[in-house]
Amino acid sequence: MESLKIPATGRTPEVDFDFAQGVLRLSGESYPDDVATFFGPIFAALRAFLAEAGGHPIRFDMELLYFNSSSAKALMNIFQMLETAAGEGRSISVTWCYEENDDSMQELGEDFAEDLQHVAFTLKQIPADGAS
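Below: a short report on this structure. This structure is a prediction, so every number in the text was calculated from the model and none was measured.

### Digging into the overall build of the protein chain
Looking only at helices and strands, the protein chain features 3 helices and 6 strands. Starting at the N terminus, the α and β elements of the protein chain follow one another as β-β-β-α-β-α-β-α-β. The C-alpha atoms of the protein chain give 14 Å as radius of gyration, which agrees with the globular expectation for 132 residues (14 Å, within 12%). Seen along its three principal axes, the alpha-carbon backbone of the protein chain occupies a region of about 40 × 30 × 25 Å. Put simply, the protein chain has 132 residues, and 42% of those count as buried. Taking as baseline every contact in the protein chain between residues at least 6 positions apart, the subset at least 24 positions apart corresponds to 67%. Counting 8 positive and 22 negative side-chain charges, the protein chain places the centres of these two groups 6 Å from one another.

Listed below in structure tokens is the structure:
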């Protein structure tokens, strides 16, 4: 399956889904004008990838510095897709990166982690300059 790469803009995150390697990454900020238009192709590509045969491990790296409530709903949809696949036996890990001293992003990661039983969810503090 072909990788999905979408460059970051002022309002949308960088999307770097390397399906061949099983490494998926969102980074930057997410508050698009039209959440459905932005996340629609991401949902479709992820659904297609997860439906493919094969049990290769999946690593999902979340490095969002900020997102709005509409993006939070989209992220929950992504996490639910991953949770379903993990519940069916797929090895899936999520690394939630948050900047040091950003308690709200840490707490949001903790909240998402509570909703997932089958996905291995790790919180990772990164320096405030964003270098991970």
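Further notes follow.
### Some details on a negative patch on the surface
The grouping of Asp 103, Glu 107, Glu 110, Asp 111, Glu 114 and Asp 115 at the surface amounts to a negative patch. If you trace the backbone, Glu 114 turns up in helix α3 (residues 103-114).

### Some details on the pattern of salt bridges
Applying the stated criterion across every chain, the model contains 5 salt bridges. Ionic pairing is found between Lys 5 and Asp 16, a salt bridge with its closest N-O pair at 2.4 Å. Taken together, the residues span a long stretch of sequence, with Lys 5 in strand β1 (residues 4-6) and Asp 16 in strand β2 (residues 14-18) at a distance of 11 residues. Accessibility expressed as a relative area gives 55% for Lys 5, which makes it exposed. Salt-bridge contacts for Asp 33 lead to Arg 11; the nearest nitrogen and oxygen are separated by 3.1 Å. Note that Asp 33 is positioned in the loop between β3 (23-30) and α1 (35-51) and Arg 11 in the loop between β1 and β2, a separation of 22 residues in sequence. For Arg 11, a relative accessible area of 36% gives the class partly exposed. Sharing partners across several salt bridges, the network here consists of Glu 14, Arg 25 and Glu 63.

### Describing unusual backbone geometry
Its identity is not glycine, yet Asn 101 carries a phi of approximately 70°, on the positive side. Relative to the helices and strands, Asn 101 resides in the loop between β5 (92-99) and α3.

### Some details on the nonpolar core
Counting residues in each nonpolar core, the largest one holds 38 residues, and the members touching the most others are Phe 79 and Leu 82. Elements with a contribution of two residues or more to this core: β2, β3, α1, β4 (58-67), α2 (69-87), β5 and α3. The contacts of Leu 82, once residues within four sequence positions are left out, are Leu 46, Leu 50, Phe 60, Ile 92, Val 94 and Val 119.

What counts, and where the lines are drawn
- Residues numbered from 1 in each chain as written.
- Predicted model: local features only at pLDDT ≥ 70, side-chain atom pairs only at ≥ 80, totals over all residues.
- Heavy atoms only, no water.
- Helix = DSSP H or I, 4+ residues; strand = E, 2+ residues; numbered from the N terminus.
- Rg over C-alpha atoms; globule rule 2.2 N^0.38 Å.
- Buried < 20%, exposed > 50% of the residue type's maximum accessible area, 1.4 Å probe, protein only.
- Contact = heavy atoms within 4.5 Å.
- Lys, Arg positive; Asp, Glu negative; His and termini not counted.
- Charge placed at Lys NZ, Arg CZ, Asp CG, Glu CD.
- Patch = residues over 30% accessible without salt bridge, like charges linked within 9 Å, V, L, I, M, F, W, Y side chains within 5 Å.
- Areas by Shrake-Rupley, 256 points an atom, 1.4 Å probe, with all protein chains shown as cover.
- Salt bridge = Lys/Arg side-chain N within 4 Å of Asp/Glu carboxyl O.
- Core = buried A, V, L, I, M, F, W, Y, C linked by side-chain atoms within 4.5 Å.

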